[in-house]
Amino acid sequence: MPAPENVKEFCTLLVRSKLMSPDEVKGLYKHFVAAGSEEDVDGFRKRLVGNRYVTDYQAALLMRGHSDGFFLDKYKILELLSKGRLSGVYKALHESGQTVAIKVLPASKAKDPEVLGRFRREARLITKVDHPNVVRAFQVGETNGKNYLAM
């Protein structure tokens, strides 16, 4: 979808993203439109971020017209922490409430058997390590072609 041109289009993206329920979005929309302008998409975005309904990262993706990629299995992606040549590391929230870092190997990179093998080897090794100076891995998984390692 193209970038939203008004608050209603932004709300449509927000509902599609499943970051908020349709009822929550409807209530925020009514409140914002009653208090201001329906054309002030940036003002609406700032209000959502300011009130912690969404993160800056999520709002930026929505502003570019993205409505998917906010969830990875049971994790809600909150922000991008680091991006490398092969994978990205994101701050995420598990449905249980635990905040984790997730290393994600995109589907496009997983098509290369060598790259996928290295990623899986790293995941297998890090899940076996138990040391106070080494990050602890909680879960290794794959969903929609994306391999991930929750730490």
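So, here's what we can say about the structure. All figures in this text were calculated on a predicted structure; none of them were measured in a lab.

## Here's the deal with the side chain of Asn 6
Its place among the elements puts Asn 6 in the segment before helix H1 (7–17). The buried category is assigned to Asn 6, whose relative accessible area is 17%. From its side chain, Asn 6 meets the backbone nitrogen of Lys 8 in a polar contact 3.1 Å long. Once you skip the residues sitting within four places of it in the chain, Asn 6 turns out to touch Glu 38, Glu 39 and Val 41.

## Section: helix H2 (residues 22–35)
With 14 residues, H2 extends 20 Å from end C-alpha to end C-alpha; this agrees with the ideal 20 Å at 1.5 Å per step. Buried within H2 are the following residues: Val 25, Leu 28 and Phe 32. For H2, the arc enclosing every buried residue in end-on projection is 70°, short of the 170-degree limit, so these residues lie on one face. Opposite its buried face, H2 presents the exposed residues Asp 23, Lys 30, His 31 and Ala 34, each directed more than 90 degrees away.

## Overview of the packing of H1 against H2
Remark: H1 packs on H2, axes separated minimally by 10 Å, with the N-to-C direction vectors making an angle of 165°. Here H1 is positioned roughly antiparallel relative to H2, judged by the angle of their axes. Our pair here, H1 against H2, has a crossing hand that is right-handed. Counted together, Val 7, Lys 8, Cys 11, Leu 14 and Val 15 of H1 and Pro 22, Val 25, Tyr 29 and Phe 32 of H2 form the full contact between these two elements. Among the residues making up the contact of H1 with H2, the classes are represented as eight nonpolar, no polar and one charged.

Thresholds applied
Residues numbered from 1 in each chain as written. Predicted model: local features only at pLDDT ≥ 70, side-chain atom pairs only at ≥ 80, totals over all residues. Heavy atoms only, no water. Helix = DSSP H or I, 4+ residues; strand = E, 2+ residues; numbered from the N terminus. Buried < 20%, exposed > 50% of the residue type's maximum accessible area, 1.4 Å probe, protein only. Polar contact = N/O pair within 3.5 Å; in protein donor to acceptor, adjacent residues only side chain to side chain. Contact = heavy atoms within 4.5 Å. Expected span 1.5 Å × (residues − 1). Arc of directions from axis to C-beta. Axes fitted to C-alpha atoms, helices over the stretch in contact; angles between N-to-C directions. Parallel < 35°, antiparallel > 145°, perpendicular 65-115°, else oblique. Left-handed = near helix turned anticlockwise from the far one by under 90°. Nonpolar A, V, L, I, M, F, W, Y, C, P; charged D, E, K, R; others polar.

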